[in-house]
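# Observations on chain architecture
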Amino acid sequence: FSRRMMDRGALIVFEGCDHSGKTTQCKRLVELLEQKRIPVQQFRFPDRTTAIGQMINSYLSNKQDIEDHAVHLLFSANRWELVPKMKVLLEAGTTLIVDRYAYSGVSFTAAKEGFSIDWCKQPDCGLPRPDLVLYLNLRPDAAAKRGNFGNERYEQTDFQAKVMKNFHLLKESYWKEIDADKTEDDLAAELGEIVLNCIPTVRERPIEKLWC
Ligand code: 2DT
Ligand code: MG
């Protein structure tokens, strides 16, 4: 029984552009931590499995139109509905690896006409603040070499360029910008080291609130 009662898990979020490798690297990290017997669970936002997530899915796949403010609030609600589960896990010592979070929420909506960053942040104020945001950076030309966009909503070059600008306005001290223009294995090794160093540093720190 080496773990103290207070030890909590780390909240680690991946953000970055399309094709930067977020989803692949989340999976690799979970595998690494499991192999090291470190309790870990993966989350992704939007979580399309809930009732709210199903509305978001039908919006993203262009089966349904939803007013821009309303869909922004649905994306936020989709995070809030998972917060109780996330907190229980963190407090029980499980590290969470999260594919997208409120930064995607703000960056995508604020890329639309008539939305300020400030307005977009409000619904997510008070979410558990990540201990670490791994921002995978990939130049648009390098991203384009990895494949074309699919046909979901938002998957267009000009819109994504605005999204990237917004991400850079949201950077905080607990972000690490990672150059993602390298092989999957090299990137996995780099991220693994950062995360293994981070986990012991949060053990006795309370979970803070995002943007407030
Ligand atoms: P995936 O391709 O990762 O499933 O994302 N998005 C995501 C938002 O507009 N707001 C949000 O709050 C989140 C989490 C980014 C699907 C798309 O949904 C966008 C891409
Ligand atoms: Mg996608």
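Residues numbered from 1 in each chain as written. Chains lettered and ligands numbered in written order. Predicted model: local features only at pLDDT ≥ 70, side-chain atom pairs only at ≥ 80, totals over all residues. Heavy atoms only, no water.

## Quick notes on helix H3 (residues 68-80)
- With 13 residues, H3 should cover 18 Å at 1.5 Å per step; its first-to-last C-alpha distance of 19 Å lies within 8% of that length.
- Within the sequence span of H3, burial applies to Val71, His72, Leu74, Phe75, Ser76, Asn78 and Arg79.
- Packing partners of the buried residues in H3 comprise helix H2 (51-60), helix H4 (83-91), helix H5 (102-109) and helix H6 (117-121). (Helix = DSSP H or I, 4+ residues; strand = E, 2+ residues; numbered from the N terminus. Expected span 1.5 Å × (residues − 1). Buried < 20%, exposed > 50% of the residue type's maximum accessible area, 1.4 Å probe, protein only. Contact = heavy atoms within 4.5 Å.)

## A few points about the packing of H5 against helix H8 (residues 157-169)
- Running from amino to carboxyl end, H5 crosses H8 at an angle of 125°, the nearest separation of the two axes being 8 Å. When the axes of H5 and H8 are compared, the pair comes out oblique. When the axes of H5 and H8 are compared, the crossing they make is right-handed. On the side of H5, the interface is formed by Tyr103, Ser104, Ser107 and Phe108, while H8 contributes Phe159, Gln160, Val163, Asn166 and Phe167. (Axes fitted to C-alpha atoms, helices over the stretch in contact; angles between N-to-C directions. Parallel < 35°, antiparallel > 145°, perpendicular 65-115°, else oblique. Left-handed = near helix turned anticlockwise from the far one by under 90°.)

## Regarding unusual backbone geometry
- Across the junction of Phe45 and Pro46, the peptide omega takes the value 0°, indicating a cis bond.
- If you trace the backbone, Pro46 turns up in the loop between strand E2 (40-44) and H2.
- For Trp211, which is not glycine, the phi dihedral falls at a positive 60°.

## Some remarks on the environment of Glu34
- Relative to the elements of secondary structure, Glu34 occurs in helix H1 (residues 22-35).
- Judged by its relative accessible area of 43%, Glu34 is partly exposed.
- Between the C-alpha atom of Glu34 and that of Asn137, which follows or precedes it by 103 residues, the distance is 26 Å.

## A closer look at the environment of Thr49
- Here Thr49 is to be found in the loop between E2 and H2.
- By relative accessible area, which is 64% here, Thr49 ends up exposed.
- Here Asp47 takes part through its side chain, which lies 2.6 Å from a polar atom of the side chain of Thr49. (Polar contact = N/O pair within 3.5 Å; in protein donor to acceptor, adjacent residues only side chain to side chain.)

## Thoughts on the site of ligand 1
- What surrounds ligand 1 is the set Arg44, Phe45, Pro46, Arg48, Leu60, Phe75, Arg79, Arg100, Ser104, Gly105, Phe108 and Tyr154.
- Here Arg48 contributes a side-chain N or O atom positioned 2.9 Å from an oxygen atom of ligand 1.
- Within the backbone of Gly105, one N or O atom sits 3.4 Å away from an oxygen atom of ligand 1.
- If you list the elements that add at least two residues to the shell around ligand 1, you get H3 and H5.
- Considering every element that reaches the shell around ligand 1, the biggest residue donor is H5, with 3 residues.
- A class-by-class count of the residues in the shell around ligand 1 yields 6 nonpolar, 2 polar and 4 charged. (Near = heavy atom within 4 Å. Nonpolar A, V, L, I, M, F, W, Y, C, P; charged D, E, K, R; others polar.)

## Considering the confidence of the model for the chain
- On average, residues of the chain score 95 in pLDDT, and 97% of them reach the 70 mark or higher.
- In the model of the chain, helix H7 (residues 140-145) stands out as the element of lowest mean pLDDT, 85, in contrast to H3, which has the highest, 99.
- With a pTM of 0.96, the predicted complex shows an ipTM of 0.98. (pLDDT = per-residue confidence, 0-100.)

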